[in-house]
Amino acid sequence: HNKILSMKTENKEVLLIHMGGLGDVCLSESLFFSLSRHFRDSLIACGIRRFINLFSDYFIRIENIESAKWLFLFSQKPSDITWKRIIFTGKDRHGSLRTRLERFSRDPIIFIDMYPEAPKDPTPVHVEDYQLRQLVKYNIEPHRKEIVPLKTDRVILYPERGFKKEKWGYDNFVELYRMLMDKGVPTLLLESFDTVKTIEGSVIIRELNDVKDFFSEGGIFVSNDSGMAHLAGACGLYTVTIFTDFDPYVWHPRGRNISLINKNSEIETGMVIETIYKIMGIHGK
């Protein structure tokens, strides 16, 4: 792959640069799907590799934007490297990044604004729809990637530590875990990657691809708004997401989902249990 950056050549490939984190990448799956169908066997991706690798089927190759060899794209230094076309997905409010990237794109650059912003977009639109709508002006047909729903016979709780004070706290998830277990509901407590201290019976999975395999068994995924919730939704889990800071209409996970709004820290454990029971078809326990 280093040959791409060392040879003075006009690449026939189309370079997709995606500047998002885990949740952003999961919300962009339909965008990847649409672009891969349009550009066929010429689409390569450059982004945070451990995230984009989760959707590797859409690309002929994935490059790690965190590598120093890609710094030239965002610097003022001249370069003889060009691609047939560059697709840039990110936030570029003043257009400065697009101006720099245009030097490397022989065809006009495609810019996909990653997500809507409330002051500019008073009518709420989900991130997935927002991205797909932008393809039309480039004569690219949008295709929504359908998610295959998995079974919902277990519950996976994901309590990240270190949340803002007003978010649904770790202790709430532990209480929920113990209550569900006491009621005989198959429940797993999935800890975040950086967790050191765990409770008895909790699970830690260090690699994202292993998490994806873990999700393939299905379940109801309960968490605060997080990148992991978006991965769970993309994998086919039923998500129950507790929102404190952002608009769930815009940011809810894909697939089957329920959003609980934690306004003024009003969410109680009983409310979450009732939501889980409703999904499972359990009428009180």
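Quick notes on the rules
- Residues numbered from 1 in each chain as written.
- Predicted model: local features only at pLDDT ≥ 70, side-chain atom pairs only at ≥ 80, totals over all residues.
- Heavy atoms only, no water.
- Axes fitted to C-alpha atoms, helices over the stretch in contact; angles between N-to-C directions.
- Helix = DSSP H or I, 4+ residues; strand = E, 2+ residues; numbered from the N terminus.
- Parallel < 35°, antiparallel > 145°, perpendicular 65-115°, else oblique.
- Left-handed = near helix turned anticlockwise from the far one by under 90°.
- Contact = heavy atoms within 4.5 Å.
- Nonpolar A, V, L, I, M, F, W, Y, C, P; charged D, E, K, R; others polar.
- Buried < 20%, exposed > 50% of the residue type's maximum accessible area, 1.4 Å probe, protein only.
- Lys, Arg positive; Asp, Glu negative; His and termini not counted.
- Salt bridge = Lys/Arg side-chain N within 4 Å of Asp/Glu carboxyl O.
- Polar contact = N/O pair within 3.5 Å; in protein donor to acceptor, adjacent residues only side chain to side chain.
- Pairing = 2+ DSSP bridges.
- Right-handed = clockwise from strand over helix to strand, strands pointing away.

Participant: In this structure, what is going on with the packing of helix 7 (residues 170-182) against helix 11 (residues 269-280)? I would like to understand it.
Facilitator: A pair of packed helices is captured by two measures, namely the crossing angle of their axes and the spacing between those axes. Between helix 7 and helix 11, whose axes approach to 10 Å, the crossing angle comes to 50°. In terms of their interaxial angle, helix 7 and helix 11 are classed as oblique. For the crossing formed where helix 7 meets helix 11, the hand is right-handed. Seen from helix 7, the contacting residues are Glu 175, Leu 176, Met 179 and Leu 180; seen from helix 11, they are Thr 269, Val 272, Ile 273 and Ile 276. Here the residues of the contact of helix 7 with helix 11 are counted per class, giving six nonpolar, one polar and one charged.

Participant: Is there a simple way to explain the side chain of Ser 223 in this structure?
Facilitator: By the element assignment, Ser 223 lies in strand 9 (residues 220-224). Sequence-distant contacts of Ser 223, defined by excluding residues within four places in its chain, comprise Tyr 158, Phe 173, Ala 229, Val 240, Thr 241 and Ile 242.

Participant: I keep staring at the side chain of Arg 85 and nothing clicks. Help me out?
Facilitator: Inspection of the secondary structure puts Arg 85 in strand 4 (residues 85-90). With no salt bridge to any partner, buried Arg 85 finds its closest opposite charge in Asp 107, at an N-O distance of 5.2 Å. At 2.6 Å, the side chain of Arg 85 and the backbone oxygen of Pro 108 are in polar contact. For Arg 85, the contacting residues outside a window of four places in its chain are Glu 13, Val 14, Leu 15, Ser 105, Asp 107, Pro 108, Ile 110 and Tyr 138.

Participant: Any chance you could explain the pairing of strand 4 here in plain terms?
Facilitator: On any regular strand, side chains alternate: one points to one face of the sheet, the next to the other face. With respect to burial, strand 4 is a largely interior element, six of its six residues being buried. Here strand 4 shows two buried faces, one formed by Arg 85, Ile 87 and Thr 89 and the other by Ile 86, Phe 88 and Gly 90. Taken together, the five bridges between strand 1 (residues 14-18) and strand 4 define a ladder with parallel strand orientation. Directly across from Val 14, in strand 4, lies its bridge partner Arg 85. Across four bridges, the pairing between strand 4 and strand 5 (residues 110-113) is parallel. Paired with Thr 89 across the strands is Ile 112, a residue of strand 5. Handedness of the crossover is the feature at issue here: the chain leaves strand 4, passes through helix 5 (residues 96-101), returns alongside strand 5, and the resulting connection is right-handed.

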